[in-house]
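# Reading the structure
For reference, the chains in residue letters:
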Amino acid sequence: MFIHQYGRHNINKKDKQAVLGTLASDFLTQGPKVREFEDALARYAGAKYAVAVGSGTAGLHLAYLAAGIDNGDEIITTPNTFVATTNMMLAMGARPVFADIRADTWNIDENDIEKRVTKKTKAIVPVHFAGNPCAMDAITKIARKHNLIVIEDACHALGASYKGKKIGGLGTDMSVFSFHPVKPITTGEGGAVLTNNKKYYDRLILLRSHGVTKNKKGENVMNELGYNYRLSDLQAALGISQLQKLNHFIAQRRKVAGWYKKHFSIISEIQLPKETEGAMSGWHLYVIRVNSRKRGALQTFLQKNGIGVNYHYPPVYGHPYYQKIGFRAIKLSNMEEYRRTCITLPCHTFLSEKDIIFIASIIRTCLETSFRLKIS
Ligand SMILES: *Cc1c(COP(=O)(O)O)cnc(C)c1O
């Protein structure tokens, strides 16, 4: 167990009381708390509709279904993401087409998208990596020009904003969120799809619950293949309580990022993450980059000192399964450079400036002693 994990949930007494209150109510599965949570989410992000689901992965699957993604469609996305983004494309029979990442934000490179558009392209799925918004103006423009659907994988980005608007409220076709414990807020497992489009909303609602609706006679009928992707009222009660603290959580995370910036400023060996103009990150993750020859030693040194480190992400196309199904020839140059140099440091709401000073001093000591770098 490392004292400083890369992420950590924040549950207090109010959260616990909210869940206990629901346990004593008539609804354990989807009920009034889910509705209340959806309304609060939509209001928070500035979207017309929110549909709560059992996980971010379920949300992605439902969004692709609602968008009418079909067998053989191509979807342009980033390799710097969790596998669920593209796994659910494969579940639809669609083919992920990977664009390279930017060298500064490590988000999808908006200038590498258009050349990958073909007659089969149906959608673009940008991922706001680490909670740092993608260049959505440019991406939306390309989508409009080629008549493509935009579904944001916003699993990292609840509470982040782009040009003054919250992620989830940008008016793209749909945006998908996750409430897994390391994410900005948690419901244990959970997720949501936000949209302004009534047609998508109706389909999301239908497919979330088996594709079953009531006919004119009040009988339950199934007209479409649906799933059980519902969230429970127990989880929604936790979500409502967590959402009330989101702005505070984001403020804490932004403080942590600020401290890293301050205390890393003297270590020129390190490349820090960048917020581009108009983008306000929620800092779901804090990733830095170091010379690939030094990364291994740095990891060992950090772990020896009780600081947990991770790598977000190895490129999706490099996973054995993806290699096996035909992505072996793909190597994107910025992504390949990134995979050798990225390292995820702790970033969560319990960290103090003292912790960050400690982490920075450990990194500095490692670089000085292992590589005889003089840092002053
Ligand atoms: C966490 C995550 C998901 C999946 O969310 P779950 O709630 O764990 O199913 C999808 N995409 C990205 C980018 C994520 O980080």
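How each quantity is defined
Residues numbered from 1 in each chain as written. Predicted model: local features only at pLDDT ≥ 70, side-chain atom pairs only at ≥ 80, totals over all residues. Heavy atoms only, no water. Buried < 20%, exposed > 50% of the residue type's maximum accessible area, 1.4 Å probe, protein only. Helix = DSSP H or I, 4+ residues; strand = E, 2+ residues; numbered from the N terminus. Pairing = 2+ DSSP bridges. Core = buried A, V, L, I, M, F, W, Y, C linked by side-chain atoms within 4.5 Å. Domains from an automatic or database assignment. Contact = heavy atoms within 4.5 Å. Salt bridge = Lys/Arg side-chain N within 4 Å of Asp/Glu carboxyl O. 1 Å grid on protein atoms, 1.4 Å probe; cavity = no way out; pocket = protein on both sides within 12 Å on 5 of 7 lines; lining within 4 Å. Points joined across faces, edges and corners; volume = space filled by probe spheres on them. Nonpolar A, V, L, I, M, F, W, Y, C, P; charged D, E, K, R; others polar. Polar contact = N/O pair within 3.5 Å; in protein donor to acceptor, adjacent residues only side chain to side chain. Near = heavy atom within 4 Å. Areas by Shrake-Rupley, 256 points an atom, 1.4 Å probe, with all protein chains shown as cover. Sits in = over half its atoms within 2 Å of the grid points.

As a further point, take the pairing of strand β1 (residues 49-53). Summarising burial for β1: five of the five residues are buried, a large majority. Here β1 shows a buried face lined by Y49, V51 and V53 and a second buried face lined by A50 and A52. The sheet contact formed by β1 and strand β9 (residues 191-195) spans five bridges and is antiparallel. What sits directly across from A52, in β9, is A192.

Quick look at the nonpolar core now. Within the largest apolar cluster, 42 residues are counted, with the highest numbers of intra-cluster contacts made by F37 and L158. Counting residues per element, this core draws most heavily on helix α2 (residues 32-45), at seven residues. If you count residues domain by domain, this core takes at least three from each of domain 1 (13-243) and domain 2 (246-371). Setting aside anything within four residues of it in sequence, one finds L158 in contact with L41, Y44, F177, F179, P184, I185, L243, L246 and I250.

Per the counting criterion, the structure on display carries 20 salt bridges. E269 is the partner of K294 in a salt bridge, and the nearest nitrogen-oxygen pair spans 2.8 Å. One end of the pair, K294, is in helix α9 (residues 292-304); the other, E269, is in the loop between α8 (246-264) and β12 (279-280), and 25 residues separate them in sequence. One salt-bridge network, held together by shared partners, links R102, D104, E110 and K274.

Attention shifts here to the layout of surface pockets. Of the voids in this model, the largest pocket is the one considered here, and its volume is about 350 Å³. If you trace the largest pocket, you find 22 residues lining it, with F82, S178, H180, K183 and Y313 closest to the centre. Contributing elements (two or more residues each) for the lining of the largest pocket: α3 (56-66) and α4 (84-91). Considering every element that reaches the lining of the largest pocket, the biggest residue donor is α3, with three residues. Residue classes in the lining of the largest pocket are distributed as eight nonpolar, eleven polar and three charged. Here the lining of the largest pocket gathers at least three residues from each of two domains, domain 1 (13-243) and domain 2 (246-371). Roughly 210 Å³ of volume is contained in the second largest pocket. For the second largest pocket, the full set of lining residues is R254, A257, G258, K261, L272, P273, K274, E275, W283 and Y286. Of the residues forming the lining of the second largest pocket, the biggest block, four residues, is contributed by α8.

You can see S178 is positioned in strand β8 (residues 174-178). Engagement of the side chain of S178 in a polar contact is seen with the backbone nitrogen of H180, the distance being 3.2 Å. Residues in contact with S178, not counting those within four places in the same chain, are G56, C155, K183, I185, G190 and G191.

Moving on to the site of the ligand. Around the ligand lies a shell of 16 residues, among which G56, T57, H156, S178 and K183 are the nearest. A distance of 2.7 Å separates an oxygen atom of the ligand from a polar side-chain atom of S178. Protein contact buries 93% of the 380 Å² of open area that the ligand shows by itself. Given that more than half its atoms are within 2 Å of the pocket grid, the ligand belongs to the largest pocket.

Side-chain alternation along strand β13 (residues 286-289) places Y286 and I288 on one buried face and V287 and R289 on a second face that is also buried. Of the strand pairs in this sheet, β13 and strand β14 (residues 342-345) are connected by four bridges, and their pairing is antiparallel. When the sheet's bridge partners are listed, V287 is paired in β14 with T344.

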